[in-house]
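Here is how the chains run, residue by residue.
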Amino acid sequence: MWLKPEEVLLKNALKLWVTVRSNDFFLLQRRRGHGEPTGRITGLLVGALDSVLDSNARVSPFRILLQVPGSQISWVIANGAAEEDVNKHWDWLVHHLLHSLSVFENKEDVASFVRGKVKGLIAEEVRGRQAAQEEEPDKFREALLKFELHFGLPSSEKLVTYYSCCCWKGRVPRQGFLYLSINHAAFYSFLLGKEVKFVIPWAEVTRLERVSTGLMTEAVRINTRQRQREFSMFLNPDEAFGFIGQLADIALRRLLDSEGLEVDRVLQQPARITKRILEEQALREYVLALFRLPRGERLHEVASCSAWTPHARCHAAGTLYTTDGYMCFSGREEGSCILLIPLSEVRPPAGVRGSDDGLPPEPTRNPQHQGGAGSLKSTISGFSPTCSWMFVLQSSEQLKERLWEDHFSEFGRGVHMFRTDKIQRLVAMGIPESLRGELWMTLSDATSELESHQGYYTSMVQKSMGLSSLATEEIERDLHRSLPDHPAFQNPTGIAALRRVLTAYAHRNPKIGYCQSMNILASVLLLYAKEEEAFWLLVAVCERMLPDYFNRRVIGAQVDQSVFEELIRDRLPELAECVPDLSALSSASLSWFLTLFLSVLPFHSAVCVVDCFFVHGIKAIFQLGLAALDANMAALSASTDDGQALMILSRLIFTSLRVMRGNAQTHRSATRGRCSSNTNISDLINESYERFGDLTVKQIERLRCRHRIRVLQAHEDTTKDNALRVVTPDVSISAENLSAVYDLFKTEHFISLYWGDGSSRQYRLDRPQFKSLYGLLAPWPGDSNQHADTLADRTFTLLDQDGDSLVTFRDFTGWLDTLYCAELSEKIRLLFRLHIPPGSSVLIGSREFIQFCKTLYSMFHGDPEENELFQAIATVTSLVLQIGEAGHRGHAPEVIGSGSEVAEDEWTVSYAQILASLLTEQALVNFLEKPLDLGAMVTAAREKQYHQRAGLLTLQLRTR
């Protein structure tokens, strides 16, 4: 294969290679010992040497070298494992290049020409490999070439897919192509001699929508902070919208420094992202959410199949998914039948049996239990009101236990239990306390984690014991606030167990550490599970069932609040119409999601919600939240302001429990304590299933992808506001210009992540990034690129006050403020400081003064008063030289810096002397006091920055 040319200083070092073919410019060589009779000492020695010296213990046995006549340097340009492979490359070089090389007079140009040609061949191979992964390779290759030609982005800007579409400007469509790459959406059109093209970085996308163009056509609207664009596709609009959402979501998670957000390993390497990878990742996210699998699980196979369901004695059609550690089956209708089988429990079958041989008989059913939730209700209501309440409760628990035992015998017990709509009805009644811990472990599959990590919890407790951190301090502060009214946490034993679980988890996952509301959740888990089981249940909730909820900024919970708002608009349009601003509702409902209603419901009712959560995941919380709002729609619609709405929401759940199925019997039971709460919460849960049961995991995952974009951009806006708030008191730059400078700063960061080494940190510029912005924003362009580059280097060194080779946004804006807004004396002081030699803080010598004069001359280049300014600076230069000579003759050597003396033949001048000299020339004073338009410079920089930096990085990549 073709290789990126690499220098070889000695063509035949240590006689390890044998030349097979050669001409004036190329050598084809074979590794000594390869293809020779076995047992020869040279082959054995070379093989041993390869194993010792080469990191991969493998060296391709054939290679082609580029050699320049008369030079000791050669370049490896191709290699191969077989002689046939490398001969193809040799023949290509002989037939396509060899004759052309003879016309070069300068042999050094030969090497440059061949290296460039080989790099082009490598790029073509890359395009070919990428195109080969597409359904129509030839069309994709053509689109890839057009993408590179039209937009001039670096070759590392990988094209993912493209669509023929119309870009709408008002009601006018413009036909063209929309190209989706790893960092951008790019549109190109050329019609009737008019070219239209633009690029939208994914990092600037704030919102994605499906809208109607008014001409019976649905379009994709991409919003940024500056404008919006609408694209309509006749073919595959759903696919296009999905890919746009995925790419924007991936880019924002990768670029916006979002702490705690998990990004899949494949997606962390943008060069590997393809259309097929995106499709696989979307399916993987859905499978992880549907079955609540560990986030590290990889999806391997997907197959349509049917599963034998012993409880129904028939085959259920659906889909089988296999991951690293699980086999998962879902019925054709989501949630109709779910089966989860950990591969650790799979054993080789002892034999194959017929479909009816040896099957267990269908279990006999107790007619008393066939009514599900209804029979429980009728059984309870059949008791005499004069009986003791404890007797009724005990009977209720016993009945629920019998119903569950019947369910186990019919559907199986443990992780691989069949999960159908029947389990939904049982859970709505409430899981009996004797089975709650077991079922939570089963439904979350925390059981498999515990069994595969024996001793892990104990080791985490031991390692975290005695450690002090911010997380442990917060845990200690919240221990007694968890369930203060519950007797289990009014004694040292319960508090100690809660402390161990929370600190062990903080030690396991320092990225999350500890987040408020985890204490409430862990407390409830400890009430129904053993300590180690509670730890693994907490792992399941924080890392699988509620991903990104418990990081520092609770991004996942905020995303779900945004999703909840859209669901309110879609499912409860009357409420949305009466309460246009749903932010008050979502701010109040945040605690519902973070604590699974544990903070707003009576304890025994809230535990029933947790039961539903372990069965259905976050979908249950969405459904219950919608049902609660629906039950209180009249009161919320009548609220006159946000404060009143929040007051209603604070009582909302309790009100819901009273109004659900508000018959007299429910109202009478409302005074009977614990069973009353359970009965009412069962009604609310059933109502949520009936009204909103069509909400699916797939819908939620798609909404999350879109709304994550909004939430991340909102956080970015907050970060920007904070950065500007810190800088604003220290500068005179207008708020509008300061905001625009921040955007340029951020774009430099993104460009480095797009195509550079990706090592820069946000709100910091390294030297190349600073020099790029310096060239765009410095008010005096200069007449020499070399001197401007030198001045940019000096400015960077001056601003890098802490010596970490990075310039902060605050330092950068301070520099701009001096150039554009400061008094003349401060501008001169800045220029003077740029030329102070190391070790001195107040003086510059003759060599530095010459450089100072060159800087002044470069500032005037292109000015209408250029000649007058040159004469003025000549006069000032003469005056300063006289001052310096006079000072040198009249004074002894001065001590500067850390004790070093100025040489006797050296003279120095101070800032005050230079300033006084400059003030004698009115032309210089007028020039330096002339108002400068930073806004115009920023606008021009915004237009130039992107493609200028892209071009520079392209050149850097090509010369590597």
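Just so it is clear, the structure is predicted and the values come from calculations on it, not from any experiment. (Residues numbered from 1 in each chain as written. Predicted model: local features only at pLDDT ≥ 70, side-chain atom pairs only at ≥ 80, totals over all residues. Heavy atoms only, no water.)

## Here's the deal with the overall build of the protein chain
Next up, step 1: Tallying secondary structure elements over the protein chain gives 38 helices and 23 strands in all.
Next up, step 2: Counting across all 960 residues of the protein chain, residues that qualify as buried make up 50%.
Next up, step 3: Sequence-distant contacts, at least 24 apart, represent 64% of the contacts inside the protein chain between residues at least 6 apart.
Next up, step 4: Put simply, the protein chain shows about 46,000 Å² of open surface, and 52% of that area lies on carbon and sulfur atoms. (Helix = DSSP H or I, 4+ residues; strand = E, 2+ residues; numbered from the N terminus. Buried < 20%, exposed > 50% of the residue type's maximum accessible area, 1.4 Å probe, protein only. Contact = heavy atoms within 4.5 Å. Areas by Shrake-Rupley, 256 points an atom, 1.4 Å probe, with all protein chains shown as cover.)

## A word on the nonpolar core
Next up, step 1: Judged by nonpolar contacts, the single largest core of 164 residues is most densely connected at Phe-231, Trp-440 and Met-518.
Next up, step 2: Ranked by residue count, the leading element in this core is helix H6 (residues 237-255), at 10 residues.
Next up, step 3: Residues in contact with Met-518, not counting those within four places in the same chain, are Leu-502, Tyr-505, Ile-512, Gly-513, Leu-538, Cys-542 and Phe-550. (Core = buried A, V, L, I, M, F, W, Y, C linked by side-chain atoms within 4.5 Å.)

## Some words on the pairing of strand S8 (residues 184-191)
Next up, step 1: Within S8, 6 of the 8 residues are buried, which leaves it mostly tucked inside the rest of the structure.
Next up, step 2: By the bridge criterion, 4 bridges tie strand S7 (residues 172-181) to S8 in an arrangement that is antiparallel. By the bridge assignment, Leu-180 is partnered in S8 with Ala-185.
Next up, step 3: Hairpin geometry of S7 and S8 is characterised by an intervening segment of 2 residues between the two adjacent antiparallel strands.
Next up, step 4: Where S8 hands over to strand S9 (residues 194-201), the hairpin turn is made up of 2 residues, of which Leu-192 adopts a positive phi near 50°. (Pairing = 2+ DSSP bridges.)

## Topic: the sheet that holds S7
Next up, step 1: With respect to topology, 7 strands assemble into an open sheet ordered S9-S8-S7-S6-S12-S11-S10, the strand pairing being antiparallel. One side of each edge strand has no neighbouring strand; the edge strands of this open sheet are S9 and strand S10 (205-212). Strand-to-strand twist of the sheet, defined as the mean angle between neighbouring strand axes without regard to direction, takes the value 30°. (Axes fitted to C-alpha atoms, helices over the stretch in contact; angles between N-to-C directions.)

## Here's the deal with the side chain of His-184
Next up, step 1: The residue His-184 is located in strand S8 in this model.
Next up, step 2: Looking at His-184, the relative accessible area reads 0%, which means it is buried.
Next up, step 3: Reaching out from His-184, the side chain makes a polar contact with the side chain of Glu-157 at a distance of 2.8 Å.
Next up, step 4: Not counting the four nearest positions on each side in its chain, His-184 is found in contact with Leu-153, Glu-157, Tyr-179, Val-199, Ile-200, Pro-201, Trp-202, Tyr-754, Trp-755 and Tyr-946. (Polar contact = N/O pair within 3.5 Å; in protein donor to acceptor, adjacent residues only side chain to side chain.)

## Quick word on the side chain of Gln-623
Next up, step 1: Mapping Gln-623 onto the fold places it in helix H22 (residues 618-631).
Next up, step 2: In this structure Gln-623 touches Ser-688, Tyr-689, Phe-692, Gly-693 and Leu-695, once residues within four positions along its chain are discounted.

## Quick word on the pairing of strand S14 (residues 314-323)
Next up, step 1: Two strands pair when backbone bridges link them, and strand S13 (residues 299-309) and S14 are joined in this way by 10 bridges, in the antiparallel orientation. Within S14, the residue paired with Ala-307 across the bridge is Ala-316.
Next up, step 2: Between S13 and S14, which pair antiparallel and follow one another directly, the connecting turn spans 4 residues, one of which, Arg-313, has a positive phi of 55°.
Next up, step 3: Hairpin geometry of S14 and strand S15 (residues 326-331) is characterised by an intervening segment of 2 residues between the two adjacent antiparallel strands.

## Observations regarding the sheet that holds strand S2 (residues 17-22)
Next up, step 1: Here 5 strands make up an open sheet; going across it, the order is S1-S5-S4-S3-S2 and the pairing antiparallel. Whereas interior strands pair on both sides, the edge strands pair on one side only; in this sheet they are strand S1 (2-8) and S2. Along the sheet, successive strands turn relative to each other by an average axial angle of 30°, direction set aside.
Next up, step 2: Bridging between strand S4 (residues 62-67) and strand S5 (residues 74-80) involves 6 bridges; their strand directions are antiparallel. Bridged to Gln-67 within S5 is Ser-74.
Next up, step 3: Relative to the sheet, helix H2 (residues 83-96) contacts S1, S2, strand S3 (26-31), S4 and S5, its axis offset from that of S4 by approximately 25°.

## Digging into the packing of aromatic side chains
Next up, step 1: Scanning the entire structure with this criterion turns up 41 aromatic pairs.
Next up, step 2: Ring geometry for Phe-198 versus Phe-231: centroids 6.3 Å apart, planes at 35°, classification tilted. In this pair, Phe-198 sits in strand S9 while Phe-231 sits in strand S12 (residues 228-232), placing the two residues 33 residues apart along the sequence. Taken individually, Phe-198 and Phe-231 each receive the classification buried, so the pair is uniform in this respect.
Next up, step 3: Arranged with centres 5.7 Å apart and planes meeting at 55°, the rings of Phe-770 and Phe-796 form a pair that is tilted. (Phe/Tyr/Trp six-rings, centres within 6.5 Å; stacked < 30°, edge-to-face > 60°.)

## Observations concerning the pattern of salt bridges
Next up, step 1: All told, the structure shown has 38 salt bridges when counted by the stated rule.
Next up, step 2: Two residues, Asp-478 and Arg-481, come together in a salt bridge whose shortest N-O distance is 3.1 Å.
Next up, step 3: Take Asp-478: its relative accessible area is 5%, and that puts it in the buried class.
Next up, step 4: In this structure, the salt-bridge partner of Asp-789 is Lys-771, at a minimum N-O distance of 2.8 Å. Taken as a pair, Asp-789 in helix H31 (residues 785-799) and Lys-771 in helix H30 (residues 767-777) lie far apart in primary sequence, 18 residues in all. (Salt bridge = Lys/Arg side-chain N within 4 Å of Asp/Glu carboxyl O.)

## Structural notes on the environment of Tyr-286
Next up, step 1: One can find Tyr-286 in helix H7 (residues 275-291).
Next up, step 2: A sequence separation of 412 residues divides Tyr-286 from Lys-698, and the C-alpha atoms of the two residues are 6.1 Å apart.
Next up, step 3: The contacts of Tyr-286, once residues within four sequence positions are left out, are Tyr-321, Glu-334, Val-697, Lys-698 and Glu-701.

The analysis is restricted to geometry; functional conclusions fall outside its scope.
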